[in-house]
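Structural description and commentary
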Amino acid sequence: MGTRRLTADDYMDSGAETGESDCSPMSSIGSQLSLEGSQDPFLVVIHLITNPGCSDILHNTIHKLLQWVTPDWPLFCAAERASPLQCKKSYPSVFIQPALAVIIFLQEKYGDKRILQLHDYLLHPPWQYHHTEHFTGKILPYMPCTQDFFSLADGMPLWAIRQMHYGKEIIRYTIYCSFDHFEDMVALYKVILAHKVSYSKSDFCYFTLYSTSNTDLQLSFKKLPKDMFPTPTESTILEFRVQELAQVVAMLPKPCSPISDIRWQTEDYDGNKILLQVKWCSYVCDLNLNSLKLYCIIAADNTNVFIGVLH
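As the structure is a prediction and not an experimental result, all values here were calculated from the model.

1. Overview of the packing of aromatic side chains
Per the counting criterion, the structure on display carries 11 aromatic pairs. Among the aromatic residues, those joined into a cluster by ring pairs are Phe-76, Tyr-121, Trp-127, Trp-159 and Tyr-173. The cationic tip of Lys-223 hangs over the ring face of Phe-179; the distance from NZ or CZ to the ring centre is 4.8 Å.

Printed below as a string of structure tokens:
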């Protein structure tokens, strides 16, 4: 779709430095994981919404990608619309910054071949090349292919592979924030997550959501320049488990409405739709997402936690 030129500081937040784990010299928090109480692999789940009949393809495509990192927690939930989404007219000369990206950081100590094979996988359908980030300034050397972003469809998150020099491997959800809303977005999600920030600087931060001895799951926030605006990914919804709904509602910039006995839907400051699961319960339960048919939760070990079918 295009090329975006970055400064060295920008590229750090794409993985050149902040991709490293707790032993990174750039981390101001060190090994502090900010995980209050027991860890919850369902704290954040991404719902990917497809056209009818496409959930199997989505499941298999993402599984082949995630098996390279092999975390043992569920990450995504595939859902099908009741009717196909109409394709919107595209403008090739206009750069569109989707509000959400999934970035996978792979250790270079396991060899370049692994990273190159995974990048080659992203070059083939149904994956679509989106853009390449070019950078200027002095940073650590990285393979050129690890600056590419890909997508599965309009309204879906961007996906990228990043090379790491040291630290744990990472799966990072990145929410791109408008310049004016960055501080409010971080404050809002801090309350939703009930976590402390693991790493922070003026235009970037991340929370550690779940951690094992080899892999971290993170949610990060990146402030965009004044002349760039994130586009909400309309085929993607983030769901969060919250302990205190009243405290979260007080922070919300938009109305919060129930869609089931335990789930509420709202939007953040940039218009991203989010779901709030308001009590701890088994994840095998009904979920009514505007007549969507839920399919399964996708884990990297190909474990499908069936949720149910809604008509």
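Right, picking up where we left off after that structure.
2. Brief notes about the pattern of salt bridges
Evaluation of the coordinates by the stated rule reveals 7 salt bridges. Between Glu-169 and Arg-114 there is a salt bridge, with the nearest N and O atoms lying 2.7 Å from each other. Placement of Glu-169 in strand 9 (residues 169-177) and of Arg-114 in helix 3 (residues 112-122) is noted, with a sequence separation of 55 residues between them. This pair shows no difference in class: Glu-169 is buried, exactly as Arg-114 is. Across the salt bridge formed by Lys-222 and Asp-203, the nearest N and O atoms sit 3.1 Å from each other. One end of the pair, Lys-222, is in strand 12 (residues 215-223); the other, Asp-203, is in the loop between strand 10 (199-201) and strand 11 (204-211), and 19 residues separate them in sequence.

3. Some thoughts on the nonpolar core
Ranked by size, the top nonpolar core spans 55 residues in total, and within it Phe-76, Tyr-173, Tyr-189, Leu-219, Phe-221 and Phe-240 carry the most contacts. Counting residues per element, this core draws most heavily on helix 4 (residues 182-193), at 7 residues. Of all hydrophobic cores here, the second largest spans 11 residues; its members include Leu-158, Ala-160, Met-164 and Tyr-176.

4. Re the state of the cysteines
Tallied over the entire structure, the rule returns 0 disulfides. Summary of cysteine pairing: Cys-205 is not part of a disulfide, and the nearest cysteine sulfur, belonging to Cys-177, is at 7.8 Å.

5. Remarks on the environment of Ala-82
Tracing the chain through its elements places Ala-82 in the loop between strand 3 (74-80) and strand 4 (97-98). Through-space distance from the C-alpha of Ala-82 to that of Asn-51 is 7.7 Å; in sequence the pair is 31 residues apart.

6. Points about helix 4
Taking 1.5 Å as the rise per residue, helix 4 with 12 residues should run 16 Å; its terminal C-alpha atoms sit 16 Å apart, in good agreement. Phe-182, Met-185, Val-186, Leu-188, Tyr-189, Ile-192 and Leu-193 are the residues of helix 4 that are buried. In an axial view of helix 4, the angular spread of the buried residues amounts to 165°, which keeps them on one side of the axis. Ala-194 occupies a position one or two residues after helix 4 and carries a positive phi of about 55°.

7. Examining the packing of helix 2 (residues 55-66) against helix 3
For the pair helix 2 and helix 3, interaxial distance at closest approach is 10 Å and the crossing angle is 165°. The orientation of helix 2 relative to helix 3 falls into the category roughly antiparallel. Between helix 2 and helix 3 lies a crossing of left-handed hand. Each of Asn-60, Thr-61, Lys-64 and Leu-65 in helix 2 lies in contact with helix 3, whose residues at this interface are Leu-118, Tyr-121 and Leu-122. Each residue belonging to the contact of helix 2 with helix 3 can be placed in one class, and the counts come to 4 nonpolar, 2 polar and 1 charged.

8. Points about the pairing of strand 7 (residues 148-151)
Burial along strand 7 is two-sided: Asp-148 and Phe-150 and Phe-149 and Ser-151, pointing in opposite directions, are all buried. As paired strands, strand 7 and strand 8 (residues 158-164) are joined by 3 bridges and run antiparallel to one another. Within the sheet, the bridge partner assigned to Ser-151 lies in strand 8 and is Leu-158. In this structure, the hairpin formed by strand 7 and strand 8 is closed by a connection of 6 residues, where Gly-155 is found at a positive phi of approximately 85°.

9. Describing the environment of Lys-226
Structurally, Lys-226 is set in the loop between strand 12 and strand 13 (230-231). Between the alpha carbons of Lys-226 and Asp-180 there is a distance of 7.8 Å; along the sequence they are 46 residues apart.

10. Regarding helix 3
Owing to its 3.6 residues per turn, the α-helix aligns residues three or four sequence positions apart on the same side. Inspection of helix 3 places Arg-114, Ile-115, Leu-118, His-119 and Leu-122 among the buried residues, and these make up the whole buried set. Looking down the long axis of helix 3, one finds its buried residues gathered within 130° of arc, a one-sided arrangement.

11. Let's talk about unusual backbone geometry
Pro-126 follows Pro-125 through a cis peptide bond whose omega is 5°. Tracing the backbone shows Pro-126 in the loop between helix 3 and strand 6 (128-135). The residue Ala-194 is not glycine, and still its phi comes out positive at about 55°. Tracing the sequence through the fold places Ala-194 in the loop between helix 4 and strand 10. Ala-194 gets classed as partly exposed once you look at its relative accessible area, which sits at 39%.

The rules behind each value
Residues numbered from 1 in each chain as written. Predicted model: local features only at pLDDT ≥ 70, side-chain atom pairs only at ≥ 80, totals over all residues. Heavy atoms only, no water. Phe/Tyr/Trp six-rings, centres within 6.5 Å; stacked < 30°, edge-to-face > 60°. Lys NZ or Arg CZ within 6 Å of the ring centre and 35° of its normal. Salt bridge = Lys/Arg side-chain N within 4 Å of Asp/Glu carboxyl O. Helix = DSSP H or I, 4+ residues; strand = E, 2+ residues; numbered from the N terminus. Buried < 20%, exposed > 50% of the residue type's maximum accessible area, 1.4 Å probe, protein only. Core = buried A, V, L, I, M, F, W, Y, C linked by side-chain atoms within 4.5 Å. Disulfide = S-S within 2.5 Å. Expected span 1.5 Å × (residues − 1). Arc of directions from axis to C-beta. Axes fitted to C-alpha atoms, helices over the stretch in contact; angles between N-to-C directions. Parallel < 35°, antiparallel > 145°, perpendicular 65-115°, else oblique. Left-handed = near helix turned anticlockwise from the far one by under 90°. Contact = heavy atoms within 4.5 Å. Nonpolar A, V, L, I, M, F, W, Y, C, P; charged D, E, K, R; others polar. Pairing = 2+ DSSP bridges.

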